[in-house]
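# Chains, contacts and geometry: an overview
Here is what each chain is made of, one letter per residue.
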Amino acid sequence: MSNSGARQTLDNTAVAAESAAHERTFRYVGHHRRTKEDRRFVAGHGKFVADIELPGMLHVALLMSPHAHATINSLDPSAALALAGVVRIVTGEDIAALLAPMPHGLHLPEIRGFPLALERVLYAGEWVAAVVATSRAIAEDALELIEVDYTELEPIVDPERALKGGPLVHPQHGTNVLFQRTFTWREVDADFAAAEHQLSHRVRWGRNATVPIETFGVIAKHDPGTDILDVWASIQMPKFSENIASCLRIAHTSVRAHYDVDVGGSYGVKRGLKHAVLVGWLARELARPVRLIEDRLENMAGGDAHGPDRNFDVDAAFDADGTVRSLKIRALDDCGAWPGRAPLQLGKPVGAIVGPYRINSVRYEAISVATNKTGQVAVRGFGQAPTNVAIEATMDLIAEFLGRDREDLRRQNYIRAHEFPYRIPSGSEYDSGDYHAVHQKLTEAATAANIWQWKAELRERGLLAGVGIASVLEPGGGNAAFEPLMNPRNDTTTWMESCLLRVDRDGGISVAIATSTSGQGHETLMATALGEELGIDPDLIRVIHSDTLIGLPSNTPVASRMAIMMGGAAAGAAGVLINKLKQIAAYNLSLDAEELSYDRGVVFVTSDPSQRLGWPELVGIAHRQYHRMPPGMEPGLQAQYVYQVPKGRDLPAADGTVQMYPCYAFEAHMPLISIDPLTGEVQIHAYLIAHDCGTLINPDIVKGMCCGGIAHGIGAALYEEFSYDAHGQLLTGTLMDYPMPSTREVPAITLLEHCTPSPLTSFGQKGAGEAGYLGAPAAIVSAVNDALAPFNQNISNLPMRAADIAKLIPAHAITASANRL
Amino acid sequence: MSEHNITLNVNGAPHDVSVAARQTLLDCLRDELGLKGAHAGCEQGVCGACTVLLDGVPVRSCLLFAVMTESHHIRTIEGEAGADGALSIVQDAFWERHGLQCGYCTPAMILTATALLERTEQPTDAQIRDALSGNLCRCTGYQQIVEAVQLAAERYREDTHA
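Just so we're clear, the structure is a prediction, and the values are computed from it rather than from any experiment. (Residues numbered from 1 in each chain as written. Chains lettered and ligands numbered in written order. Predicted model: local features only at pLDDT ≥ 70, side-chain atom pairs only at ≥ 80, totals over all residues.)

Counting its secondary structure elements, chain B contains five helices and five strands. When its helices and strands are written in sequence order, chain B yields β-β-α-β-β-β-α-α-α-α. In terms of overall dimensions, chain B is globule-like: its C-alpha atoms have a radius of gyration of 16 Å, near the 15 Å expected for 162 residues. Taking all 162 residues of chain B together, the buried fraction comes to 56%. (Helix = DSSP H or I, 4+ residues; strand = E, 2+ residues; numbered from the N terminus. Rg over C-alpha atoms; globule rule 2.2 N^0.38 Å. Buried ≥ 20, exposed ≤ 12 C-beta atoms within 10 Å, placed from the backbone.)

Structure, rendered in structure tokens:
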């Protein structure tokens with residue numbers, strides 16, 4: 001992997017000096033290498049939660065509310081209990097008094113949530129009762145025999161109405177507003193007053209989610225001998241076992257979540273706390289292993305796995321020459337019935353609120369309201385993808401207003417390469433970047449692919465054709481800054497990650513990571529990073545997923561953080577190990593450790609490499625020959641390291657300025673689309689993306705993240721939505737109604753990599769887990785509007801369904817097209 | 001509920017099982033035969049994660065009752081590697097091109113691609129995408145899956161013509 005591109009373009013002295021540290025030649029980092037994980041999956045040897053069989057295991061099915069808002073008058077389980085094989089039926093009343101409420105991201109103690117509804121149901125799909133039976137089929141049969149008497153209440157469905165009043169989801173809270181704060185960073189009013197032009201517009205991001213092919217599942221088993229509750233789950237969530245324990249009112253040391261479960265996709269949504277609390281309680285109560293594997297409807301309606309649902313109102317102030325001076329962004333998020341962590345998803349975008357642009361000031365009003373809909377969880381990007389649509393749609397509208405080329409306007413406003421590190425109005429410092437160089441690669445690729453000529457030809461054929469542009473940032477490294485920003489009672493300032501490294505008596509290396517993997521390739525990442533640091537073939541390093549009682553602190557692969565954080569933890573542990581090896585060698589050579597060097601398992605005298613101790617000898621000393629170790633040194637050969645997020649230090653200032661994530665990847669998208677004038681159907685003909693996430697650790701994994709993220713973004717832009725009717729009924733609860741892109745909708749993607757190393761990380765890497773997704777929705781919006789431009793039409797309601805687009809195409813255009821088609 | 005004693009031919013070997021009439025082939029493979037490579041995703045025939053081959057043709061095992069499949073040859077991912085554990089051409093190509101991430105849709109993708117390559121020696125990109133269009137993947141965006149099938153097609157041809 002060469003970093004020469006970065007050397008040519010970075011002229012900032014401080015950054016250049018820092019990046020000199022990254023000008024090393026990598027043995028393993030950046031090379032095509034087969035992943036450690038893939039072999040077991042292609043062979044059919046993945047171990048997913050539904051694959052785990054335990055003797056005597058019971059199965060759960062869930063009775064879901066048919067109403068969006070109703071009082072539960074009575075529930076009669078007697079007929080269901082009489083069914084052979086039914087073991088137990090529990091309701092909210094049975095368990096709530098025994099549990100602690102589930103934690104929220106906000107400080108709202110009056111809003112108490114439990115796994116099963118208590119007295120009132122707050123959304124269609126909410127769990128009312130759980131049936132436990134000897135098989136899932138019997139449990140499902142029993143659901144149909146439970147009699148529930150409800151009194152329907154008026155639901156609140158529209159977030160704008162919820163903001164003003166309407167029926168209250170949580171009367172004890174007194175309002176449907178869960179969070180509302182206006183941040184003003186720098187001289188917004190002065191910038192608006194001084195600007196030559198202003199414009200306003202609205203963007204709607206429809207409620208969608210990443211919807212993994214595997215639903216959420218969890219198994220719990222209580223061992224009365226040890227009093228440990230073992231949990232296996234399809235989980236991607238920080239502090240999972242701690243939260244389970246707190247809700248069950250037992251010690252954290254009494255819950256052991258196992259991370260050696262393969263997770264069938266997550267992208268943020270595999271949270272499942274209420275599932276795990278329910279199943280954990282049942283396993284303890286019934287003294288049997290209990291399993292809950294969501295079916296698709298349970299997942300879509302009652303799994304609390306929806307994503308942001310957001311209206312943006314944007315005002316922009318700019319000059320005739322194209323300089324964008326200031327933005328006012330109001331984001332109203334419909335978080336559904338339970339706060340969870342949803343309101344916090346308004347917080348992360350603060351760290352990249354001006355995108356890649358030199359915008360002087362920003363006012364950001366973030367509002368979260370409760371409605372009678374399913375709750376949200378974290379979704380890939382944690383609110384950044386919707387915000388990027390709002391920013392990029394603004395740039396397109398400014399370009400249109402001024403009659404400027406959309407790319408040219410972006411280039412004019414990009415932060416310059418020499419300006420890094422660059423502090424944005426909301427307080428975050430962008431670490432590094434060269435947006436012009438990355439965009440230049442996109443431009444060259446577009447020329448090579450004849451994108452503009454291709455667009456003209458499509459128009460000649462009678463189609464409406466458009467090219468989209470989107471230039472966005474992917475904040476990576478995930479610290480906790482948005483938690484205290486949105487909830488002053490939360491004083492968390494670390495989201496550490498760890499590496500627990502052992503060298504055995506045979507010299508073999510194993511390393512424990514305290515997280516499960518859901519496709520990001522953490523075993524490959526850890527082995528590659530550690531192999532690089534130690535100069536040892538990653539294929540020889542065993543990576544295991546530990547559990548929450550053995551593992552060191554981890555915060556799981558949220559927030560595009562693992563390349564940065566696991567890479568840092570690996571570098572730290574390798575440093576500890578190498579230091580110990582040097583001390584052992586120094587003692588045996590009667591030299592100072594400073595006189596020694598380490599390379600590929602060997603410690604040698606720097607000035608005379610022939611004097612050396614090799615790996616077997618060093619391992620033998622550490623494991624057997626204590627008489628050859630420096631007095632007082634810990635025997636054995638092991639190292640642990642817990643890595644703090646780079647630049648993660650301070651709580652937010654009073655005005656909300658804070659260093660959010662440490663590293664900022666950049667990507668510029670360019671799709672070419674056409675629209676069938678009669679049906680409004682969008683077809684994507686070509687998709688180009690230029691991407692810079694610093695040093696690539698495994699290029700194949702990064703490529704997969706980019707392409708997969710683009711597919712998610714295409715779905716969010718054109719197809720996917722959890723739609724509700726006016727009564728709060730979910731209309732899209734199956735994969736037939738919630739269409740996800742297939743090979744027909746996702747085109748071949750041209751990916752161009754660029755490398756501007758981060759000065760903050762072990763190899764110069766940045767995050768890539770949200771790549772593609774953070775820009776694709778904005779790029780598709782841009783392309784559709786380019787196609788509609790001849791009719792002076794604009795659409796910014798996502799998803800942009802074919803029927804919605806068709807309405808914007810005037811009859812004369814359809815006729816004109818039909819004549820040419 | 002009626003129980004049926006049937007013999008299923010799975011990966012070339014007969015298996016005697018007792019199944020309820022309503023048991024799907026997917027549940028039978030997973031719960032009765034312990035073949036966990038076929039996965040439930042939607043259980044209504046949309047996502048394709050449960051795909052197995054029935055007489056060489058990709059089918060949704062969630063939409064078939066086990067009792068319907070008695071006289072057919074069923075292939076699952078567990079039968080694709082050789083007895084020595086050597087991966088099939090398609091399996092190895094998926095690994096080489098990283099045509100997967102979480103691995104949940106992967107066995108079904110591999111079987112669908114295998115069926116394509118067994119009937120089409122030189123599939124075009126359009127044919128590959130068409131064949132895979134009934135299998136949803138949420139991780140990859142399909143790019144490296146298509147590239148894996150292209151690589152497998154090349155290797156099939158090398159194998160055939162060697």
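Further remarks concern the overall build of chain A. Check the secondary structure of chain A and you find 23 helices and 30 strands. Once the C-alpha set of chain A is aligned to its principal axes, its extents read approximately 90 × 75 × 50 Å. Per-residue burial over chain A gives 59% buried out of 821 residues. The long-range fraction of contacts in chain A, counting pairs at least 24 apart against all pairs at least 6 apart in sequence, stands at 80%. (Contact = placed C-beta atoms within 7 Å.)

Residues and elements named next belong to chain A. In terms of strand pairing, strand S23 (residues 596-599) meets strand S24 (residues 602-605) through four bridges, oriented antiparallel. What sits directly across from tyrosine 598, in S24, is valine 603. Alignment of S24 against strand S25 (residues 608-613), held across three bridges, turns out to be antiparallel. For phenylalanine 604, the partnering residue across the bridge sits in S25 and is arginine 612. Hairpin remark: S24 followed by S25, antiparallel, with two residues in the connecting loop. (Pairing = 2+ DSSP bridges.)

What follows concerns the domain arrangement of chain A. All names here are of chain A. The domain boundaries assigned to chain A delineate domain 1 (49-153 + 216-293), domain 2 (310-480 + 652-820) and domain 3 (497-554 + 562-643). For domain 1 versus domain 3, the distance between C-alpha centres works out to 42 Å. Listed per partner, the contact involves 15 residues of domain 1 and 13 residues of domain 3. At four residues, the largest contribution of residues to the side of domain 1 that touches domain 3 is made by strand S11 (residues 255-258). Here the side of domain 1 that touches domain 3 is built from residues that sort into six nonpolar, six polar and three charged. (Domains from an automatic or database assignment. Nonpolar A, V, L, I, M, F, W, Y, C, P; charged D, E, K, R; others polar.)

So, about the packing of helix H9 (residues 240-248) of chain A against helix H10 (residues 273-286) of chain A. Residues and elements named next belong to chain A. The interhelical angle for the contact between H9 and H10, taken along N-to-C directions, is 55°, at an axis separation of 9 Å. Classed by the angle they form, the pair H9 and H10 counts as oblique. In this structure, H9 crosses over H10, and the sense of that crossing is right-handed. For the pair H9 and H10, the contacting residues are Asn243, Ile244, Cys247 and Leu248 in the first and Leu273, Ala276, Val277, Gly280 and Trp281 in the second. (Axes fitted to C-alpha atoms, helices over the stretch in contact; angles between N-to-C directions. Parallel < 35°, antiparallel > 145°, perpendicular 65-115°, else oblique. Left-handed = near helix turned anticlockwise from the far one by under 90°.)

On to the sheet that holds strand S1 (residues 3-10) of chain B, then. Residues and elements named next belong to chain B. The strand order across the open sheet built from five strands is S2-S1-S5-S3-S4, with neighbouring strands paired in mixed fashion. Two strands lie at the open edges of the sheet, namely strand S2 (13-20) and strand S4 (57-60), each paired on one side alone. Each strand of the sheet is rotated relative to its neighbour by a mean of 45°, with strand direction disregarded. Relative to S2, S1 runs antiparallel, the two being bridged by eight bridges. When the sheet's bridge partners are listed, asparagine 5 is paired in S2 with serine 18. In the packing of helix H3 (residues 106-119) onto the sheet, the strands contacted are strand S3 (51-54), S4 and strand S5 (73-75), and the crossing angle to S3 comes to about 35°.

This next bit is on the packing of helix H20 (residues 699-718) of chain A against helix H21 (residues 776-788) of chain A. Residue and element names in this part refer to chain A. The geometry of H20 relative to H21 is characterised by a closest axis approach of 7 Å and an angle of 50° between their N-to-C directions. Classified by the angle their axes make, H20 and H21 are oblique. Crossing hand, H20 versus H21: right-handed. On H21, the residues that touch Gly709, Ile710, Gly713, Ile714, Ala716, Ala717 and Leu718 of H20 are Ala776, Pro777, Ile780 and Val781. Its residues placed into classes, the contact of H20 with H21 shows nine nonpolar, two polar and no charged.

Residue and element names in this part refer to chain B. If you check H3, its first and last C-alpha atoms are 20 Å apart, about what 14 residues at 1.5 Å a residue would give, namely 20 Å. The element H3 is largely enclosed, with a buried count of 12 among its 14 residues. Restricting attention to buried positions, one finds in H3 the residues Thr106, Pro107, Ala108, Met109, Ile110, Leu111, Thr112, Ala113, Thr114, Ala115, Leu116 and Leu117. (Expected span 1.5 Å × (residues − 1).)

Here the focus is the domain arrangement of chain B. Residue and element names in this part refer to chain B. Domain assignment breaks chain B into domain 1 (3-79) and domain 2 (89-161). Residue-level contacts link 15 residues of domain 1 with 12 residues of domain 2. Contributing elements (two or more residues each) for the side of domain 1 that touches domain 2: S3 and S4. The element that contributes the greatest number of residues to the side of domain 1 that touches domain 2 is S3, accounting for three residues. Of the residues assigned to the side of domain 1 that touches domain 2, the class counts are nine nonpolar, five polar and one charged.

Let us now look at the interface of chain A and chain B. In this complex, chain A contributes 43 residues to the contact, which on the side of chain B involves 40 residues. Put simply, the parts of the chain that give the side of chain A that touches chain B at least two residues each are helix H3 (38-42) and H20 of chain A. Sort the elements by how many residues they give to the side of chain A that touches chain B and H20(A) lands first, with eight residues. Grouping the amino acids of the side of chain A that touches chain B by side-chain chemistry returns 19 nonpolar, 13 polar and 11 charged.

All names here are of chain A. Along its 19 residues, helix H12 (residues 384-402) runs 27 Å from first to last C-alpha, staying within 8% of the 27 Å computed at 1.5 Å per residue. The buried count for H12 comes to 14 of 19 residues, which makes it a mostly enclosed element. Count one or two residues on from H12 and you reach glycine 403, which has phi positive near 70°.

Next up on the list: the environment of A:Glu770. Residue and element names in this part refer to chain A. One can find glutamate 770 in the loop between strand S29 (749-754) and H21. Here glutamate 770 falls in the buried class, since 28 other C-beta atoms lie within 10 Å of it. C-alpha of glutamate 770 to C-alpha of glutamate 474: the two residues are 296 residues apart in sequence and 6.8 Å apart in space. Not counting residues within four places of it along the chain, the set of residues in contact with glutamate 770 comprises Arg380, Gly381, Gln384, Glu474, Ser560 and Gly709.

Let's shift gears to the environment of A:Trp615. All names here are of chain A. With respect to the helices and strands, tryptophan 615 occurs in helix H19 (residues 615-623). Separated by 12 residues in sequence, tryptophan 615 and valine 603 have C-alpha atoms that sit 8.2 Å apart. When sequence neighbours within four positions are dropped, the list of residues in contact with tryptophan 615 reads Gly507, Gly601 and Val602.

Residues and elements named next belong to chain A. Here we have seven strands laid out as an open sheet, ordered S3-S5-S1-S12-S9-S10-S11, and mixed in their pairing. The strands lining the two open edges of the sheet, one partner per strand, are strand S3 (86-91) and S11. Across the sheet, the axes of successive neighbouring strands diverge by a mean angle of 25°, strand direction being ignored. Relative to strand S12 (residues 290-293), strand S1 (residues 58-64) runs parallel, the two being bridged by two bridges. When the sheet's bridge partners are listed, histidine 59 is paired in S12 with arginine 291. Sitting on the sheet, helix H6 (residues 136-143) touches S1, S3 and strand S5 (127-133), and the angle it makes with S1 is about 25°. Strands strand S10 (228-233) and S11 of the sheet are contacted by H9, whose axis makes an angle of about 145° with S11.

Quick look at unusual backbone geometry now. All names here are of chain A. The omega torsion of the bond from phenylalanine 420 to proline 421 falls at -5°, within 30 degrees of zero and hence cis. In the segment running from leucine 798 into proline 799, the intervening peptide bond is cis, with an omega of -5°. In this structure, proline 799 sits in the loop between strand S30 (797-798) and helix H22 (802-806).

Quick look at the pairing of strand S6 (residues 147-152) of chain A now. Residue and element names in this part refer to chain A. Of all six residues in S6, zero are buried; the element is thus mostly exposed. Strand direction decides the pairing type here: strand S2 (residues 70-76) and S6, joined by six bridges, are antiparallel. Following the sheet pairing, leucine 75 is matched in S6 by valine 148.

With that settled, the discussion passes to the confidence of the model for chain A. Confidence along chain A averages 95 in pLDDT terms, with 97% of residues attaining 70 or more. Per-residue pLDDT stays below 50 along residues 1-21 of chain A; that stretch engages in 39 contacts with residues further than four places along the chain or on separate chains. (pLDDT = per-residue confidence, 0-100.)

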